[in-house]
Amino acid sequence: VVCQLIFGLIYYFLVVRKYPELKETPPSNFAIELQKENEVMATCKVSGRNCCLSWCCTGPRAAHTFHSVGVLPYWAGLILMAVLPCCTLWMMNAYSDLNVKLGGEKRDFCMSCLCACCCMCCVVAQDAEALDLTAGVRTGLCGVYEDDSARDA
């Protein structure tokens, strides 16, 4: 928990602060296609950067997605993901419009619980990649980079 919070602090200043918020940006076609995949298969299509962050630093990466989509402030998301990761991810997928803003469909209660408990890193990776595709940027390990090829018109 402490490591996630420390990394989350550093990650905020290096990445989250510089990342664009989606606001009313519609999801890209690439993001919609990615969200149609199940979480495990979608992970095979996720960039190495987002895979690494989702698997090694799940809390900060998920909090970043929640914040940029506008469903939960970064610091609240970070603390909740550090203390109650499965429950937080379950609630965000079942009771917020996170998936809809990223180009997917709202998950039902049972499927959201199953995915959050059994494949949490896959869910975080899929959402992170969909966010990058929609925002038209690439999340790096130490910054945010423009990616004109990610956003389709």
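Just above sits the structure.
The shown structure was predicted, so the numbers you read here are calculated from the model rather than taken from an experiment.

(A) A look at the overall build of the protein chain. Scanning the protein chain from N- to C-terminus turns up ten helices and two strands. Counting from the amino terminus, the protein chain carries its helices and strands in the arrangement α-α-α-α-α-α-α-α-α-α-β-β. Relative to a compact globule of 153 residues, whose C-alpha radius of gyration would be 15 Å, the protein chain shows 14 Å and is just as compact. C-alpha extents for the protein chain along the principal axes are approximately 40 × 35 × 25 Å. Here the protein chain holds 153 residues, and 50% of them are scored as buried. Of the roughly 7,400 Å² of accessible surface on the protein chain, 66% is carried by carbon and sulfur atoms. Averaging the locations of the 12 positively and 15 negatively charged side chains of the protein chain gives two centres separated by 5 Å.

(B) Representation of helix 1 (residues 2-14). For helix 1, which comprises 13 residues, the first-to-last C-alpha distance of 19 Å matches the rise-based estimate of 18 Å (1.5 Å per residue) to within 8%. Of the positions making up helix 1, those classed as buried are G8, Y11 and Y12. Seen along its axis, helix 1 keeps its buried residues to an arc of 100 degrees; they face one direction. Facing away from the buried side of helix 1, by more than 90 degrees, are the exposed residues V2 and C3. Those residues of helix 1 hidden inside the fold are in contact with helix 4 (48-56), helix 5 (58-69), helix 6 (74-83) and strand 1 (137-139).

(C) How the structure looks around the pattern of salt bridges. Evaluation of the coordinates by the stated rule reveals three salt bridges. A salt bridge links E33 to K36; the nearest nitrogen and oxygen atoms lie 3.3 Å apart. In this pair, E33 and K36 are both assigned in helix 2 (residues 29-36), three residues apart and thus about one turn of the helix distant. In this structure, K45 engages E37 in a salt bridge whose closest nitrogen and oxygen atoms are separated by 2.6 Å. Here K45 falls in the exposed class, since its relative accessible area comes to 51%. According to the relative accessible area criterion, E37 is partly exposed, its value standing at 24%.

(D) Local environment of the layout of surface pockets. When its volume is computed, the largest pocket comes out at roughly 210 Å³. What lines the largest pocket is a set of 17 residues, among which Q35, N99, G104, E105 and R107 lie closest to the centre. Elements with a contribution of two residues or more to the lining of the largest pocket: helix 2, helix 9 (109-118) and helix 10 (120-135). Considering only residue class, the lining of the largest pocket consists of four nonpolar, seven polar and six charged.

(E) Region of interest: empty space enclosed by the protein. Counting across every chain of the model gives one cavity of 30 Å³ or more. Counted as a void, the largest cavity has a volume near 30 Å³. Listed by contribution, the elements that provide at least two residues to the lining of the largest cavity are helix 5 and helix 10.

What counts, and where the lines are drawn
Residues numbered from 1 in each chain as written. Predicted model: local features only at pLDDT ≥ 70, side-chain atom pairs only at ≥ 80, totals over all residues. Heavy atoms only, no water. Helix = DSSP H or I, 4+ residues; strand = E, 2+ residues; numbered from the N terminus. Rg over C-alpha atoms; globule rule 2.2 N^0.38 Å. Buried < 20%, exposed > 50% of the residue type's maximum accessible area, 1.4 Å probe, protein only. Areas by Shrake-Rupley, 256 points an atom, 1.4 Å probe, with all protein chains shown as cover. Lys, Arg positive; Asp, Glu negative; His and termini not counted. Charge placed at Lys NZ, Arg CZ, Asp CG, Glu CD. Expected span 1.5 Å × (residues − 1). Arc of directions from axis to C-beta. Contact = heavy atoms within 4.5 Å. Salt bridge = Lys/Arg side-chain N within 4 Å of Asp/Glu carboxyl O. 1 Å grid on protein atoms, 1.4 Å probe; cavity = no way out; pocket = protein on both sides within 12 Å on 5 of 7 lines; lining within 4 Å. Points joined across faces, edges and corners; volume = space filled by probe spheres on them. Nonpolar A, V, L, I, M, F, W, Y, C, P; charged D, E, K, R; others polar.

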